[in-house]
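# Descriptive structure summary
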Amino acid sequence: MHLQPGSRLGPYEVISPLGAGGMGEVYRARDERIGRDVAVKILPSSFAESEERLHRFEQEARATGMLNHPNLLTIHDFGQHDGAPYIVSELLEGETLRDRMTDASGGAGPVVPPRKAIEYAVQIANGLAAAHERGIVHRDLKPENVFVTRDGRVKILDFGLAKLAAPFEEGNTSEKTAHRDTTPGQVVGTAGYMSPEQVRGQQIDHRSDIFSFGAILYELLSGQRAFHGGSAVETMNAILKEDPPELSSASGQLAPALERIVGRCLEKAPEERFHSAHDLALALEAASGAVTLGSGAMASREGKRSRLRLSPAVTAGVVAALIIAGAAALVMRVAGYSLVRAAAGTAPRNRHVQLTFHGGEKTHVSLSPDGSSFLFVGTAAGNPDIYLQRVGGENAINLTKDSSEGDFAPAFSPDGQRIAFRSQRDGGGIYVMGATGESARRLTDFGFDPAWSPDGRKIACTTEPVSNPGGRATDSELWIVDAETGARELLYKGDAVQPDWSPSGERIAFWGLPKGTAKRILYTISASGGEPVPINDDNAINWRPIWSRDGAHLYFSSNRSGSMNLWRAPLDQRSGKAAGEPEPVTSGSDWNGWPAAARATDRIAFATASVDSNLYRVEFDPVGARAVGTPAPVTTGSRILFWGDPSPDGSEVLLWSLTPVEDILLLRTANGELRKLTDDAFRDRRPVWEAGAKTILFYSNRNGRYELWRIRPDGSGLEQVTSSTGAAFNQPMPSPGGRQVVVQGGADSHSGLIDVSLPIEQRVVEWLPKIDGKAPVNLDSWSPDGTKLIGRRASPGGGIVVYSLQTKEYEVLTESGGGARWLPDGRRILFEDDDALHVIDSVTKERREILATPPGETWTGFRFTGDGRTLYFVRQRTEGDVWMLEPEPRG
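Just so you know, these numbers come straight off a predicted model, no measurement behind them.

## Re the sheet that holds strand β26 (residues 497-501)
Spatially, four strands are ordered β26-β27-β28-β29 in an open sheet, and the strand pairing comes out antiparallel. Each end of this open sheet is capped by a strand with a single partner; those strands are β26 and β29 (533-534). Sheet topology note: the strand β28 (residues 521-526)/β29 ladder contains two bridges and is antiparallel. Of the residues in β29, the one forming a bridge with Y523 is P534.

Now the structure itself:
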C-alpha cells in the first residue's frame, strides 16, 4: 500500500514518505488535533488475515504504548486503514544504529569508539529493562530496530512486531527476518541475532533479548558479526554450536570487564546470561569506567573488591536478586561510585564509600547531623547493641555493652548531643542517652523506631518494630512523645511504621499496609494530624523512608527493580505529595537498606548485605523427639532459598527461591535434580503440598494481587484458587483432608479458613476469632487428625497458641516463639524460640531444647516428612557492612 501526500488515516494527514521495508511503509503525518507531527507505520494487509494474531498484536502495541521510557519509541495510537493495521508513534530525527555503524566504520574495524558503544548499549539495556518489567519481550532486536536520534538518544523500535510477521524465508542473513507466532516449535527472529532457543523454536523470554543485545554490542565493538555464515542455516548453526572470536583479537585491546559482559550475554544457556536487562545496564555503567582505566589498571584493581554481607535481622523475605553482574560489578566497588540509572538523568551521582570492614550484622543505621560519625546495631557482643563509629575510622564503640537486653533503632538528636533508641530492658520502651552512651534514661514504656523533630523537642515512634519489611504482625499506631517529659499524643491510628520527621517539622513520613492489601505504601502526614498522603501505589517492598536535607526528596529502600536498592521520590515538603516518579539512587545487585541521612550535609549512610541461604536436613527420632546426627546440606550455591516443604515420602521438596526472581522449584532428593515449576516475572511464594501430594498450593501476585494458586508437580495445570475482594492471601496451609486451607490476609495478617471444594466464586474467608478479640494469630500447622491448629500470636514477643476447631477457643502454650509444627503423635509440638528449636507437650506444657542454632546463623522453616523421621529447614548465614553516599566533587 502506497499513500500519497494529503491522504488521511483517521485523524492523521500524510505529509511525506519516510521509508519502506519488509515490515511496512513509514510516513510522516500530522495530527491536527494537537498540532503534532508523528510517524505512521502501515503494516502489510496480510498481517490482518488472522483475527487472533491481529488481536494479540493490538494488545501488545497498546501495552508498549503504555510504557513511558526515554529509550523506547513512544506509541501514540493503533488502527486499521483499508484492512491494513497501522501504528502511530513519535517522529524521530536521526538514523538507525545500522546506518550509524556503517557510516562510522566505512565497512571495516570497530564501528564506534568503545565509550560511545557503551553509551549506546546502556541506553538499549535500560529500554529493554523497562519493557521486560512489563512482561514485554522484543523478539527481534537488531541494529535495524535501534534508532539513534540527532542528540544521541537511543530508541528501541518495533516491539511486538515479530508476533504478527510472515513465516521465515531463508536469504541474506543481514536482512531477512524470521517471523512467526511465539508458540514453541516456531522460529522468531533475525538470523545472526537470534538466541539459541529462538533457533530451536523453543519458548523464549526476556533472556533471548539479552542474547540479541550481546550480538549487537559485539558488532559495535568489533565491526564484525558475532555469528555469520553463507546462509541463514549456516548462521543459525553457528549460533547453536560456535563461539564468536575473542573481542580482543577482533577489535584490539578492550577492558576485560567489557569482554566478560559481552561473553555473558552470548552464553548459549539462558540461565547463564544476565538475569535481567537491569543487571546488564548496571554492569555496563560500571564498565564505562573500565574503558578509560585500561586493561592493566583494571587487572590490578580487581582483587580489591570488599565483600558485602547481610544482617540476619533483615534476611527473611526481603533479600532478592543477590546476583553479581559478572566481573564488571567489581568496578563499582573499585571505582567507589554509586551507579545511577534515572530516566530523567536527574538523580545525583555519588561517591560510594565503605565505612565498616569487620564481620557481623549491621542494621538500624543513623548518621550524626554533620555526617562525621554514625550509629548502627550489631551483634558482635552476643545480643543486639548500639555501636558508634567515626566516618573514616575503623574502631566501633559499643554504647550499650552494659545492657543484657537488646537495644535497637538509634537516632541522633538534631544537635548531635543525644541518642534516642529502643531497648528491651525493664520491659521495653524508648530510651535517651548521651552521644557517647552515658546517662541512659527511660522516656516511655512503649514504642519503636524513634525519630526526632527538627527542634529536638519531640520524638515520633510507632507501636510495632520492623526488622523484616517483608513480614508484618499488627496494625501499628503513630505517636508523638515529648522528648523531656514523655507525655504522649496519638497522631495516627492506622498502620504506620519507621517514621521520619521532615526538615521543616511540618510533616512526618512513614510506611504502612493499607487495609486489605499487602502493599508497602509510603506516606507523609501532617505533624498536627489528619489523613496521610500516599506517595506510591505498587507491589514492591518499599520501606524506611527518610527525608533529604532540603526536604525536596524522600529516600527509601525498595526492591522495585528486582534487588533491594535505595530510591528517592521528589516531594512537595509542605503538602507531602509526590512531585514525580521515584528514581534509583543505587543500582546494584547487592542488598541495600536501612538508609539514614545527615541533616547538615548531603551524606546518606546505609547497610549492605549478602546471604548464604540453603536447604538442610537432619534425621529425627519422632518418639524421643530429638535430632539424630548432624544437619547436612541438601542444596549449595548462591541461590537464596527461604522455604522448603518435603513430600510425605520425602522423595521431593518444594522450594521457594528469591533469586533471580521469586519462583517455585521442585527438588528430587535422590539425585539432586532441581526444576522450576514457575519461571516468570511474578512473585510466587511459599509452596505447600496438598493432600495426596498430587497438587501444590502457593500464593502469587500474577493477577495483580496476592491470591492462592495451584499447580501440578510437573509444572502443568496452573489455576487460580481464590478470587478475593477484601484480603491479600498468603501462606496457604491445606488441611489433612484437603478440603480446607488456612490463609493469612488483611492488614494484620490474621488467619482464616477457605473451603476449596466449593466453586471459586464461593470460596470466601471464614476469619477465625482473635485472641481476646484483639491479637491476630498466624497459624502454622494442622494437627494430624485435622481438629486443631497451632500457630503464633501476632504481637510483640509472639507466643505459641493452639486453636480448637470444635470449641473455637485458643489455648496459650508459651509467651514467646513461633514457627510451630505438630509431631506425628498429635500431642507434641516443635517450635522456634531464642535461636533454638524446642519441643513442648501440649497437655503438660513441659518443654525442652532439642537443637541450638550456631552463632551468626538463622534456621527457619522447619518441616517434617510424613513419618516424622526427617526434618528439613533453611539455614541462613548473613553478614553486612555500612556504606555511605556523598556527592561526587564537581569540577
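## Here we look at the sheet that holds strand β50 (residues 788-793)
The antiparallel open sheet is built from four strands, whose spatial order is β49-β50-β51-β52. In the strand order of this sheet, the two ends are held by β49 (777-782) and β52 (810-812), each with one partner. Taken over all neighbouring pairs, the strand axes of this sheet differ in orientation by 30 degrees on average, direction set aside. Judged from the five bridges that link them, β50 and strand β51 (residues 800-804) form a sheet pairing that is antiparallel. Note that in β51 the partner of G791 across the bridge is V801.

## Brief notes about the packing of aromatic side chains
A complete count under the given rule lists 15 aromatic pairs for this structure. Relative to Y523, the ring of F510 lies with its centre 5.3 Å away and its plane at 20 degrees, an arrangement referred to as stacked. You can see F510 sitting in strand β27 (residues 507-512) and its partner Y523 sitting in strand β28, a full 13 residues away along the chain. Geometrically, the ring pair formed by W543 and W594 is edge-to-face, given 5.1 Å between the ring centres and 90 degrees between the ring planes. Of this pair, W543 sits in strand β30 (residues 542-547) while W594 sits in strand β34 (residues 591-597); the two residues are 51 residues apart in sequence, bridging distant segments of the chain. For the pair W543 and W594, a shared accessibility class is recorded, and that class is buried. Aromatic rings pair up to connect Y616, W859, F862 and F873 into one cluster. Across the ring face of Y431, the terminal group of R425 is positioned such that the distance to the ring centre comes to 5.1 Å.

## Looking at helix α3 (residues 114-133)
For the α-helix, the turn length of 3.6 residues means that residues three or four positions removed from each other point alike. A rise of 1.5 Å per residue sets the reference length of α3, with its 20 residues, at 28 Å; its end C-alpha atoms lie 28 Å apart and thus fit the reference within 8%. Taking burial as the measure, the 20 residues of α3 include 15 buried ones, the bulk of the element. Downstream of α3 by a residue or two, G135 has a phi angle that is positive, lying close to 80 degrees.

## Overview of the pattern of salt bridges
Taken as a whole and assessed by the stated rule, the structure comprises 47 salt bridges. A salt bridge links D37 to R28; the nearest nitrogen and oxygen atoms lie 3.3 Å apart. D37 gets classed as partly exposed once you look at its relative accessible area, which sits at 23%. Among the ionic pairs, R626 bridges to D621, the shortest N-O distance being 3.6 Å.

## A look at the nonpolar core
Side chains of a nonpolar character, in soluble globular proteins, are inclined to be buried together. In this structure, L97, I124, F213, L280 and L284 are the most contacted members of the largest nonpolar core, which totals 53 residues. Elements with a contribution of two residues or more to this core: α2 (97-105), α3, β8 (146-149), β9 (154-156), α5 (206-222), α6 (232-241), α8 (256-265) and α9 (277-301). Tallying contributions element by element places α3 first for this core, with 11 residues. With sequence-adjacent residues up to four places away left out, L97 is seen in contact with Y120, I124, P143, V146, F147, V148, I216 and L220. In this structure, V365, L367, L513 and W591 belong to the second largest nonpolar core, which totals 32 residues.

## Things to note about the environment of L92
When you line up the elements, L92 lands in the loop between β6 (84-90) and β7 (94-96). Its relative accessible area of 17% is what places L92 among the buried residues. Once the C-alpha coordinates of L92 and V38 are considered, the two residues, 54 residues apart in sequence, prove to be 8.5 Å apart. Excluding anything up to four places from it in sequence, L92 contacts L73, F147, T149, K155 and L157.

## Some details on the confidence of the model for the chain
Across the chain, the average pLDDT comes to 81, with 82% of residues at 70 or higher. Every residue in residues 162-187 is under pLDDT 50, and counting partners more than four places away or in other chains gives 86 contacts. Note on residues 290-346: pLDDT is under 50 here. Beyond four places in sequence and across chains, it has 180 contacts.

## Thoughts on α5
For α5, built from 17 residues, the straight-helix expectation of 24 Å at 1.5 Å per residue is met to within 8% by its first-to-last C-alpha distance of 25 Å. Positive backbone phi, at 80 degrees, marks G223, one or two positions downstream of α5.

## Details of the side chain of R863
As for its position among the elements, R863 is in strand β57 (residues 857-864). At 4.1 Å, D645 is the nearest oppositely charged side chain to R863, a buried residue that forms no salt bridge. Those residues within four positions of R863 in sequence are excluded, and the remaining contacts are W643, G644, D645, P646, R821, T870, L871 and Y872.

About the cut-offs
Residues numbered from 1 in each chain as written. Predicted model: local features only at pLDDT ≥ 70, side-chain atom pairs only at ≥ 80, totals over all residues. Heavy atoms only, no water. Pairing = 2+ DSSP bridges. Helix = DSSP H or I, 4+ residues; strand = E, 2+ residues; numbered from the N terminus. Axes fitted to C-alpha atoms, helices over the stretch in contact; angles between N-to-C directions. Phe/Tyr/Trp six-rings, centres within 6.5 Å; stacked < 30°, edge-to-face > 60°. Buried < 20%, exposed > 50% of the residue type's maximum accessible area, 1.4 Å probe, protein only. Lys NZ or Arg CZ within 6 Å of the ring centre and 35° of its normal. Expected span 1.5 Å × (residues − 1). Salt bridge = Lys/Arg side-chain N within 4 Å of Asp/Glu carboxyl O. Core = buried A, V, L, I, M, F, W, Y, C linked by side-chain atoms within 4.5 Å. Contact = heavy atoms within 4.5 Å. pLDDT = per-residue confidence, 0-100. Lys, Arg positive; Asp, Glu negative; His and termini not counted.

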